[in-house]
Amino acid sequence: MGEATQYDAVIVGSGPNGLAAAVTLARAGRSVLVLEGKETVGGGMRTLEYTLPGYRHDVCSAVHPLGVGSPFFRDLPLHEHGLEWVFPDYPLAHLLDDRAVLLHRSLDETAAGLGSDGAAYRRLLAPIVDDWRGILEQFLGPLGLPRRPFLMARFGLRAIQPAAMLANRTFDTPEARALFAGMAAHITIPLNQVTTAAGGLMLALLAHAIGWPFARGGSQSIADALAAYLRSLGGEIQTGVWVQSMADIPPARAVLFDVTPRQLLDIVGDALPGGYRNRLEGYRYGQGVFKIDWALSEPVPWRDPAARRAGTLHIGGTLAEIAAGERAIWQGRLPDPPFVLFAQPSIFDPARVPGDGKGHTAWGYCHVPHGSTADMTAAIERQIERHAPGFGDCIIGRHTITAAEYETYNPNYIGGDINGGVQDWRQLFTRPVARLNPYTTPNPHLFLCSSATPPGGGVHGMCGYHAARAALDRHFR
Ligand SMILES: Cc1cc2nc3c(=O)[nH]c(=O)nc-3n(C[C@H](O)[C@H](O)[C@H](O)COP(=O)(O)OP(=O)(O)OC[C@H]3O[C@@H](n4cnc5c(N)ncnc54)[C@H](O)[C@@H]3O)c2cc1C
């Protein structure tokens, strides 16, 4: 590699991180080629009409606080290539049996809705919300010493705690405890493990600082905007090309892989030394998800009308219920009842449904054990019906996908793990292995740019951006 090179860089995979890496290199004047196995670009950002014609469903990601907050995306002219964020009235409603607990954009309004826990909520969040840019840049930025040590210490002392402990110590009411537990549970780690509070704090911070938007028309618009911008910079994309070995990759100075360690090992073979290969083999994958997309004849008939105005809903009851469900999946059991992460994009984005304005779409999933083939349809719909009697009568189309099927759909979702590997304290910053620059490998031409590198899962493109910076530093200074 390196002599008769056809491209400066080839990127394998067109997820948010693959496209972000390609854009970063193309902006630096490098010739780039993206190879994508599927027929369309996007990885976890695809939108398909897979229930009824005209009903556009986000196959994977749907809610984009990290996308709008990403310092990298913010720097790109994606709106000129069709990307528009749609902000629901409320970022989140957490459903309890007798009411919906609301997470507003405004910290004050959220605190006011939490009654006797309002002051505690404000004490927990206000100091970090006030300085959200610093926190976000530190978390999504390159690793290294904190640029704002006092700010990071303030955040870190809270974030390092188990979510259940932080919620129980900080709050007295079931409402505030459940609201925090639901956000922390996104990361798919038992809530009694250290650092699980970080997920809850980060999502709350993003809700107050930025909101939890959808992409108009579906998450595919983010992928299409990134691809269009890349092409405007001269970058090339080939779809329908599954890379199985190094022989499938045209000669290039740098190859960046938007895949996880297990696939990297299969593709590159002995292009990586044995010691590093052994360490990659120890990389751990997490639990899976079971997902449903619904086409609905009308909006979900939530018992609490406030729930209609939230983009995202957490349906899992109290902190204890959510914690029990998350613990169960790590013990290889199905959660009963499951914690359901639910979104209703068409309420705020009519572009998701056919033009008559009558139908709606909904998106929901729950966590299940790694590789599970279980069909959770009945359990998920029972949870929704608990808070929206008559929901079942609104369903006119449904598409389901098990954890095992997710890996078939996208080989990066090993066992249905949507974060590209466990994001617990042992693998949060040291993904894929502990290494000064985790995007590099011992082979100077090979780089990893997927969510199996810091800062991990989510549609933010920061893994791809940092990996591309590493390739630029090494080869194109
Ligand atoms: C159900 C679900 C819900 C989610 N919800 C959200 C959400 O609301 N918000 C959010 O921010 N994130 C969400 N995510 C997570 C998010 O989608 C991922 O973290 C993100 O897409 C990871 O980006 P990536 O670029 O690392 O990899 P991916 O997006 O997985 O992209 C990898 C790409 O590489 C291609 N590829 C893999 N192997 C090869 C090969 N050998 N040859 C060629 N091409 C290959 C794949 O086809 C794919 O297109 C969700 C994911 C799922 C599944």
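In what follows, the structure referred to is the one given above.
Definitions and cut-offs
Residues numbered from 1 in each chain as written. Predicted model: local features only at pLDDT ≥ 70, side-chain atom pairs only at ≥ 80, totals over all residues. Heavy atoms only, no water. Helix = DSSP H or I, 4+ residues; strand = E, 2+ residues; numbered from the N terminus. Rg over C-alpha atoms; globule rule 2.2 N^0.38 Å. Buried < 20%, exposed > 50% of the residue type's maximum accessible area, 1.4 Å probe, protein only. Contact = heavy atoms within 4.5 Å. Areas by Shrake-Rupley, 256 points an atom, 1.4 Å probe, with all protein chains shown as cover. Lys, Arg positive; Asp, Glu negative; His and termini not counted. Charge placed at Lys NZ, Arg CZ, Asp CG, Glu CD. Core = buried A, V, L, I, M, F, W, Y, C linked by side-chain atoms within 4.5 Å. Pairing = 2+ DSSP bridges. Axes fitted to C-alpha atoms, helices over the stretch in contact; angles between N-to-C directions. Salt bridge = Lys/Arg side-chain N within 4 Å of Asp/Glu carboxyl O. Near = heavy atom within 4 Å. Polar contact = N/O pair within 3.5 Å; in protein donor to acceptor, adjacent residues only side chain to side chain. Phe/Tyr/Trp six-rings, centres within 6.5 Å; stacked < 30°, edge-to-face > 60°.

A. Broad picture of the overall build of the protein chain. Of regular secondary structure, the protein chain possesses 18 helices and 16 strands. For 477 residues, the compact-globule estimate of 2.2 N^0.38 gives 23 Å, and the protein chain sits close to it at 21 Å. With the principal axes as the frame, the protein chain shows a C-alpha extent of 70 × 55 × 40 Å. Looking at the protein chain as a whole, 63% of its 477 residues are labelled buried. Sequence-distant contacts, at least 24 apart, represent 76% of the contacts inside the protein chain between residues at least 6 apart. In the structure as shown, the protein chain presents an accessible area of about 17,400 Å², 51% of it carried by carbon and sulfur atoms. Put simply, the protein chain has 41 plus and 44 minus side-chain charges, and the middle of one group is 7 Å from the middle of the other.

B. Spatial organisation of the environment of Phe171. By secondary structure assignment, the location of Phe171 is in the loop between helix 8 (163-170) and helix 9 (174-184). Relative accessible area serves as the criterion here: at 0%, Phe171 is assigned to the buried category. Once residues lying within four places of it in the same chain are set aside, the contact partners of Phe171 are Asp117, Ala120, Tyr121, Leu124, Ala176, Arg177 and Phe180.

C. Structural detail: the nonpolar core. Leu25, Tyr121, Phe180, Leu191, Leu230 and Leu256 are the most contacted members of the largest nonpolar core, which totals 108 residues. If one sorts the elements of this core by residue count, helix 10 (residues 196-209) sits on top with 10 residues. Setting aside residues up to four positions removed in sequence, Phe180 forms contacts with Leu124, Ala163, Leu166, Ala167, Phe171, Ala197, Gly200 and Leu201. Counting residues in hydrophobic clusters, the runner-up holds 30 residues, among them Leu95, Ile292, Ala306 and Leu313.

D. Summary view of the sheet that holds strand 1 (residues 7-12). Here five strands make up an open sheet; going across it, the order is 9-2-1-10-16 and the pairing parallel. The sheet terminates laterally at strand 9 (236-238) and strand 16 (446-448), the two strands that pair on one side only. For this sheet the average axis-to-axis angle between neighbouring strands, irrespective of direction, equals 20°.

E. How the structure looks around unusual backbone geometry. Residue Arg431 is joined to Pro432 through a cis peptide bond whose omega torsion reads 0°. Pro454 connects to Pro455 through a cis peptide bond whose omega is 5°. Within the element layout of this structure, Pro455 appears in the loop between strand 16 and helix 18 (462-475). The residue Thr188 is not glycine, and still its phi comes out positive at about 60°.

F. Region of the structure containing the environment of Val23. Structurally, Val23 can be placed in helix 1 (residues 16-27). Separated by 445 residues in sequence, Val23 and Ala468 have C-alpha atoms that sit 8.8 Å apart. Filtering out sequence-adjacent residues up to four positions away, Val23 remains in contact with Phe72, Leu76, Leu226, Tyr229, Leu230 and Leu233.

G. Just the pattern of salt bridges, in detail. Throughout the structure, instances matching the rule amount to 15 salt bridges. For Asp75, the salt bridge goes to Arg27, with nearest N and O atoms at 3.4 Å. With Asp75 in the loop between helix 3 (71-74) and strand 5 (85-86) and Arg27 in helix 1, this pair connects stretches of sequence that are 48 residues apart. Each of Asp58, Glu84, Arg216, Asp349 and Arg352 takes part in salt bridges that share partners, so that together they form one network.

H. View of the site of the ligand. Near the ligand there are 39 residues, and of these Glu36, Gly44, Val63, Asn410 and Gly458 occur at the shortest range. Between the ligand and Asn17 there is a distance of 2.9 Å, counted from an oxygen atom to a side-chain nitrogen or oxygen. Between an oxygen atom of the ligand and a main-chain N or O atom of Gly458, the distance comes to 2.7 Å. For the ligand, the protein covers 95% of the area, taking 1,000 Å² as the surface of the free molecule. Of all the elements in the fold, those that place two or more residues in the shell around the ligand are helix 1, helix 12 (261-268) and strand 14 (360-368).

I. The arrangement of the packing of aromatic side chains in detail. The full count for this structure, using the stated rule, is 14 aromatic pairs. Here Tyr121 and Phe171 contribute two aromatic rings whose centre-to-centre distance is 6.4 Å and whose plane-to-plane angle is 25°, an arrangement assigned as stacked. You can see Tyr121 sitting in helix 5 (residues 118-129) and its partner Phe171 sitting in the loop between helix 8 and helix 9, a full 50 residues away along the chain. Phe171 shares its class with Tyr121; the two are buried. Ring plane angle 85° and centroid distance 5.3 Å describe the contact between Tyr283 and Tyr285, whose orientation is recorded as edge-to-face. The exposure classification of Tyr283 matches that of Tyr285, with both residues buried. Here the aromatic residues Trp294, Trp302, Phe342 and Phe391 are joined through ring pairs into a cluster of three or more.

J. Region of the structure containing the side chain of Thr312. Residue position: Thr312 is located in strand 12 (residues 310-315). Exposure remark for Thr312: the relative accessible area of 4% places this residue in the buried category. Setting aside chain neighbours within four positions, we find Thr312 in contact with Val63, Pro91, Leu92, Ala93, Trp212, Phe342 and Ala343.

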